[in-house]
Structures are given as structure tokens and as C-alpha cells.
Amino acid sequence: AYLDRGSLGRGHADASGARMTPASLKVSRSAKLMPAHIGLQHWAPMAKPLLTVCGLSSVQAIASHTPERIERLFFDAERAPFFAKACRLLAEKRKVYRMVSPEELKKITDTAHHQGVAAVITPPPHSELNALRLQQGTLCLHDVLNPHNVGAILRTAAFFGIADIIVSEQSFAAAMTASAWRVAEGGLTYCQLYTYSAARVFFSEAEKKQWFTAAAV
């Protein structure tokens, strides 16, 4: 990751030290970029687990619906106008936001498919299956381990308005990856995941609550 000295711990100054407001994001193309390790001796790493999410739709969904999850926000000049409101909120919370080059975004996200923006977020917690009160039909993902598949399923579920999704613990782990969030295009923001530890736990809960279940194997 690359930051500027002014942004460390504050998140609203450019490389020259000038205050960086959302209005100035459009004209900060010439800001010099500095490696993140400069001055890091004065910055304590966060203890809580964090996840780097990229992709325009995914980050926009987070910024619009759960901005409190964002700890750091990075974007290129083209995407800056999309995140002016998010930057104001981050500035109020004294969190990091920074306009960077596409090359730096590739380093931050470890992918060329970042779509010009990345957010370092606190992942959402899962809920236990016994807390689910079904209001409509839903899906259960049992040990679907490919993050791209999980992301695609959740993207489709969100499109059709399915808000509560049941997943095994292994599928939840696959969902809490950068790839799943990027492919989900906001689906992981809109859907609440309910987890169970083993198939017998799911079927026991389904029987207790008289859920009708159908499986595709």
C-alpha cells in the first residue's frame, strides 16, 4: 500500500501537506506519491481483522450503505468524484483516504481488476443460523468454496431481493475474500449471512422451524 505523509493517521492531506478536501480531489493529479513505509514508525497497525475490497460497484455499495466499515479508501483520479461524500465522512472520523495512480491500486489490491478504487474495511460479522427468521424463500450454500462462485451467487441473490442467505462456515470464509466481494458487486453489502457448522445442524434447524428444503447436488 502507498500513502502520503499527511494522510497517515489523518487521511485528508495530499503529498505536499495541503489539506485535501473532496472538492480538491479532482485537481490533485500531480500529487507526488510516497511509499507507505515512510513515517510508519509513528503509526500503529490496526488490531482488528481487515479486508481489502476493490471494484466500483462493490466499494460504492459499502460507501453508500455501510460507510462505517471503511478504514481506508483509495481511488484514482477518474473515480474520485464518486466518493466525495465518503471522503467527507472519513475526514470527520480522521481515517485515511487517498487518490493514487492505477499502478499503486494494483499494488494495494494485488490485482489488475481493481476498477479504480479500493476500500480497506472491517468485514461484516456472520449471524448464527438459529437467529434467522425467514420471511421469504432463501438460498443455502453448503461448502461452496470458490470465492468467484460465492460472489456470483450473492450478486444474483441481491438482484432478486433475497436479503438473508444461509451458508456453511466454509462458504462464509470463501465469501470474506477480496475476490468474492469484487464479483458480488455489492451483493455482500445487501445480504446478511447466517452460518452453520455442519449439514446436520442445518437440517436440524430446518426441521425445527418447519422449513421446506430442496437440494441441487
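The shown structure was predicted, so the numbers you read here are calculated from the model rather than taken from an experiment.

A.B. asks: An account of unusual backbone geometry is needed here, citing residue identities and associated values.
C.D. replies: Here the phi dihedral of Asp-143 falls at roughly 55 degrees; this positive angle occurs in a residue that is not glycine. Mapped onto the elements of the fold, Asp-143 is located in the loop between β6 (140-141) and α4 (147-159). Under the relative-accessibility criterion, Asp-143 is labelled partly exposed at 34%.

A.B. asks: Describe the sheet that holds β6, and please don't skip the residues or the numbers.
C.D. replies: Read from one edge to the other, the open sheet built from four strands follows the order β5-β8-β7-β6, with strand pairing classed as parallel. Of all strands in the sheet, those bounded by a partner on one side alone are β5 (127-128) and β6.

A.B. asks: Any chance you could break down the pattern of salt bridges for me, citing the residues and the numbers?
C.D. replies: All told, the structure shown has three salt bridges when counted by the stated rule. Note that Lys-95 and Glu-71 form a salt bridge whose closest N and O atoms lie 3.7 Å from each other. Here Lys-95, found in the loop between α2 (84-92) and β3 (96-99), pairs with Glu-71, found in strand β2 (residues 70-75); they are 24 residues apart in sequence, far enough to count as distant. Accessibility assignment for this pair places Lys-95 and Glu-71 in one class, buried. A salt bridge links Lys-208 to Glu-205; its shortest N-O distance comes to 3.4 Å. Taken as a pair, Lys-208 and Glu-205 lie in helix α8 (residues 199-208) at a separation of three residues, close to a single helical turn. Accessibility expressed as a relative area gives 60% for Lys-208, which makes it exposed. It is possible to trace a salt-bridge network through shared partners that takes in Glu-205, Lys-208 and Lys-209.

A.B. asks: I'd love a proper account of the packing of aromatic side chains, names of residues and values included.
C.D. replies: Inspection of the entire model under this criterion finds four aromatic pairs. Ring centres of Tyr-196 and Phe-202 lie 5.6 Å apart, and the angle between their planes is 35 degrees; this geometry places the pair in the tilted category. The same class applies to Tyr-196 and to Phe-202, which are both buried. Through a chain of ring-to-ring contacts, the aromatic side chains of Tyr-196, Phe-202 and Phe-203 assemble into a single cluster.

A.B. asks: Hey, could you go over the side chain of His-114 for me, with residue numbers and the actual values?
C.D. replies: Positionally, His-114 belongs in the loop between α3 (102-109) and β4 (117-121). For His-114, a relative accessible area of 8% gives the class buried. In contact with His-114, other than residues within four places in its own chain, are Cys-54, Gly-55, Leu-56, Pro-102, Leu-105, Lys-106 and Thr-109.

A.B. asks: Could you give me a rundown of the nonpolar core, with the residues and numbers involved?
C.D. replies: If you look at soluble globular proteins, the nonpolar side chains tend to sit buried side by side. Of all hydrophobic cores here, the largest spans 37 residues; its most connected members are Leu-73, Leu-188 and Leu-193. Each residue touching Leu-73, except ones within four places of it in the same chain, is listed here: Val-59, Phe-83, Ala-86, Cys-87, Leu-90, Val-96, Tyr-97, Arg-98, Val-117, Ala-118 and Ala-119.

Basis of the calculations
Residues numbered from 1 in each chain as written. Predicted model: local features only at pLDDT ≥ 70, side-chain atom pairs only at ≥ 80, totals over all residues. Heavy atoms only, no water. Helix = DSSP H or I, 4+ residues; strand = E, 2+ residues; numbered from the N terminus. Buried < 20%, exposed > 50% of the residue type's maximum accessible area, 1.4 Å probe, protein only. Pairing = 2+ DSSP bridges. Salt bridge = Lys/Arg side-chain N within 4 Å of Asp/Glu carboxyl O. Phe/Tyr/Trp six-rings, centres within 6.5 Å; stacked < 30°, edge-to-face > 60°. Contact = heavy atoms within 4.5 Å. Core = buried A, V, L, I, M, F, W, Y, C linked by side-chain atoms within 4.5 Å.

Keep in mind that these numbers describe shape and distance, not what the molecule does.
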